[in-house]
Number of protein chains: 2
Amino acid sequence: MARATKINVDTSQRILDVAERLVQTRGFNGFSYADIAGTLGVTKASLHYHFPTKAELGQRLIERYEQRFLDALATIERSGVDAREKLRRYAAIYTDVLRSNRMCLCGMLASDYATLAKPIKEGVKQFFNRNEDWLVAVLEEGRSSGALRFAGSPDVVARGIVGALEGAMMLARSYGEVVRFEAVADRLIAEL
Amino acid sequence: MARATKINVDTSQRILDVAERLVQTRGFNGFSYADIAGTLGVTKASLHYHFPTKAELGQRLIERYEQRFLDALATIERSGVDAREKLRRYAAIYTDVLRSNRMCLCGMLASDYATLAKPIKEGVKQFFNRNEDWLVAVLEEGRSSGALRFAGSPDVVARGIVGALEGAMMLARSYGEVVRFEAVADRLIAEL
DNA sequence: GTCTATAGGTGGATAGAC
DNA sequence: GTCTATCCACCTATAGAC
């Protein structure tokens, strides 16, 4: 009964899957509905039924991506490891994305920022705000417990971590060298 | 005599100026010849006379940008300041770019990387290689003189600095807050 | 929900006059 | 070196049949 409206494993989700990969590899202005349609073997008109405009598609992409990310952070939180290990696992999320030759969805959208519709811009900022909030909490916990030692406000350190990981990811992807990212990320966390 | 072929302050340079700003604000796939033509008050056909294809335009953009950047680094080198001050002035180059609401040209192209022609890709990597080479030299000098103290290889630290500045820049631009970048950059250098 | 067909616009690029 | 005119491929998006 609960699945009455769920006939065929949700076309919307498969569209989002393909679109997500395209944004993460080519940027929001680097793909078209035709690319998605070609991959899925449907027509462009079908896509417009599920996502009337490209801007709406973008909004849904961010919402889903952010939810997954927050879920991952919640999982780290529940694991009960110390603050340093939490940061290692946080960086590992980025590494996993990079391994599939992708950029962070919101890192990519941040570079396309000037060309995006307002709701997408808001979504991007919210994503980074929530990342920073989580990191601030971890940093404060680590400083209290003695697991971490750092100068400056947790706020600035958190922003530094997000920026450093996003930037290192972007460069490592250009070189096609995941190890480039790992070395930088390891040192970043080791310095705290 | 020497200026015989230079009638009107070089249209090519003015085209590059406008194109550069567009790439730095909207990305390589976020602008068109029509945008440049509209700004300069010429036709698209004129632009194609100076830069036959968009890929060639992109190549010239990188070449010019890299030359300017290397000139700026050479100026820092000649100033005779200590290693820490060199890093501060290096970061200041980024701050100046960000103040005009722009991303680093090559940072932007790094995010568009998958969609670019091969010569442009090579140009992007070369830009970052030269940045890292310069930083490695400064870091080694600073470690020798005692002006800097850091763990790990200068190589990894240099890559961390470039990535951190590019990433922080990208995020700060999204928030429209230059101060966000400055706080992160200051702390980054202070930690060395 | 998916299709065919198409609208209406813009993309990069070229030919040829001036 | 800049223009007009144009090509053709592709873009986002919609109408309407099935």
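Residues numbered from 1 in each chain as written. Chains lettered and ligands numbered in written order. Predicted model: local features only at pLDDT ≥ 70, side-chain atom pairs only at ≥ 80, totals over all residues. Heavy atoms only, no water.

A word on the protein's contact with DNA strand C. The local shell around DNA strand C holds 19 residues, among which A:Thr43, A:His50, B:Ser32, B:His48 and B:Lys54 are the closest. For DNA strand C, the fraction of atoms within 4 Å of the protein that belong to sugar or phosphate moieties is 60%. Within the contact set of DNA strand C, a phosphate oxygen lies 2.7 Å away from a side-chain nitrogen or oxygen of A:His50. At 3.0 Å from a phosphate oxygen of DNA strand C is found a main-chain nitrogen or oxygen belonging to B:Tyr33. Elements represented by at least two residues in the surface near DNA strand C include exactly α3 (44–50) of chain A together with α2 (33–40) and α3 (44–50) of chain B. The dominant element in the surface near DNA strand C, judged by the number of residues it contributes, is α3(A), at four residues. (Near = heavy atom within 4 Å. Polar contact = N/O pair within 3.5 Å; in protein donor to acceptor, adjacent residues only side chain to side chain. Helix = DSSP H or I, 4+ residues; strand = E, 2+ residues; numbered from the N terminus.)

Take the relation of the copies chain B and chain A next. Relative to chain A, chain B is turned by 180° and slid 0.0 Å along the rotation axis, the superposed coordinates differing by an RMSD of 0.0 Å. The superposition operator between the copies reduces to a two-fold rotation axis. When the interface residues of chain B are mapped onto chain A, 100% of them are again interface residues, pointing to one common binding face. (Least-squares fit on C-alpha atoms with pLDDT ≥ 70 in both. Contact = heavy atoms within 4.5 Å.)

Residues and elements named next belong to chain B. Inspection of every chain in the model, using the stated rule, returns 33 salt bridges over all chains. Residue Arg102 is joined to Glu20 by a salt bridge in which the shortest nitrogen-to-oxygen separation is 3.9 Å. Of this pair, Arg102 sits in the loop between α5 (83–99) and α6 (105–111) while Glu20 sits in helix α1 (residues 11–26); the two residues are 82 residues apart in sequence, bridging distant segments of the chain. Considered together, Arg102 and Glu20 belong to a single accessibility category, that of buried residues. (Salt bridge = Lys/Arg side-chain N within 4 Å of Asp/Glu carboxyl O. Buried < 20%, exposed > 50% of the residue type's maximum accessible area, 1.4 Å probe, protein only.)

When two helices pack together, their arrangement is captured by the angle between the axes and the distance separating the axes. All names here are of chain A. Relative to each other, helix α7 (residues 118–145) and helix α8 (residues 154–175) sit at 125°, their axes nearing to 8 Å. With respect to α8, the element α7 is oriented oblique. Relative to α8, α7 is oriented so that their crossing is right-handed. When α7 is examined against α8, the residues Phe128, Asn131, Glu132, Leu135, Val136, Leu139, Glu140 and Arg143 are found in contact with a partner set consisting of Pro154, Asp155, Val157, Ala158, Arg159, Ile161, Val162 and Glu166. (Axes fitted to C-alpha atoms, helices over the stretch in contact; angles between N-to-C directions. Parallel < 35°, antiparallel > 145°, perpendicular 65-115°, else oblique. Left-handed = near helix turned anticlockwise from the far one by under 90°.)

A word on the interface of chain B and chain A. If you look at the interface, chain B gives 38 residues, while chain A gives 39 residues. Here chain B and chain A share an interface that buries about 3300 Å² over both sides, 61% of which is from carbon and sulfur atoms. Together, B:Leu171, B:Tyr175 and B:Arg187 form the three largest contributors to the area buried by chain B at its contact with chain A, with a combined 17%. Counting the contacts that link chain B with chain A gives two salt bridges. The tally of links from chain B across to chain A stands at 15 residue pairs in polar contact (both at pLDDT 80 or more). If you list the elements that add at least two residues to the side of chain B that touches chain A, you get α1, α6, α7 (118–145), α8 (154–175) and α9 (178–190) of chain B. (Buried area = accessible area lost by both parts, 1.4 Å probe.)

All names here are of chain A. For the coordinates displayed, the defined rule picks out 18 aromatic pairs over all chains. Seen from their ring centres, Tyr65 and Phe69 are 6.1 Å apart, and the 40° between their planes marks the pair as tilted. Taken together, the positions of Tyr65 and Phe69, both in helix α4 (residues 54–78) and four residues apart, correspond to about one turn of that helix. Overall, Tyr65 belongs to the buried group, its relative accessible area being 8%. Looking at Phe69, the relative accessible area reads 7%, which means it is buried. Measuring from ring centre to ring centre gives 6.3 Å for Phe69 and Tyr90, while their planes differ by 75°; the resulting arrangement is edge-to-face. (Phe/Tyr/Trp six-rings, centres within 6.5 Å; stacked < 30°, edge-to-face > 60°.)

For DNA strand D, the set of nearby residues contains 19 residues, the closest of which are A:Lys44, A:Lys54, B:Thr43, B:Ser46 and B:His50. The protein-proximal atoms of DNA strand D, defined as those within 4 Å of the protein, are 59% sugar or phosphate. Contacts to DNA strand D include A:Lys44, whose side-chain N or O atom sits 3.3 Å from a base oxygen. Listed by contribution, the elements that provide at least two residues to the surface near DNA strand D are α2 (33–40) and α3 of chain A together with α3 of chain B. Tallying contributions element by element places α3(B) first for the surface near DNA strand D, with four residues.

This next bit is on unusual backbone geometry. At A:Asn101, a residue that is not glycine, the phi angle is positive and equals roughly 60°. Looking at the secondary structure, you find A:Asn101 in the loop between α5 (83–99) and α6 (105–111).

Counting 132 residues, the largest nonpolar core has A:Ile36, A:Tyr90, B:Ile36 and B:Tyr90 as its most contacted members. Leaving out residues up to four positions away in the same chain, A:Ile36 has contacts with A:Ile15, A:Val18, A:Ala19, A:Leu22, A:Phe31, A:Leu47 and A:Leu57. (Core = buried A, V, L, I, M, F, W, Y, C linked by side-chain atoms within 4.5 Å.)

This part takes up the packing of α5(A) against α8(A). Residues and elements named next belong to chain A. Between α5 and α8, the shortest axis-to-axis distance is 11 Å and the interhelical angle comes to 20°. Taken together, the axis directions place α5 and α8 in an arrangement best described as roughly parallel. Classified by chirality, the crossing of α8 by α5 is right-handed. The residues of α8 that touch α5, namely those facing Tyr90, Ala91, Tyr94, Val97 and Leu98, are Ile161, Val162, Leu165, Glu166, Met169, Ala172 and Arg173.

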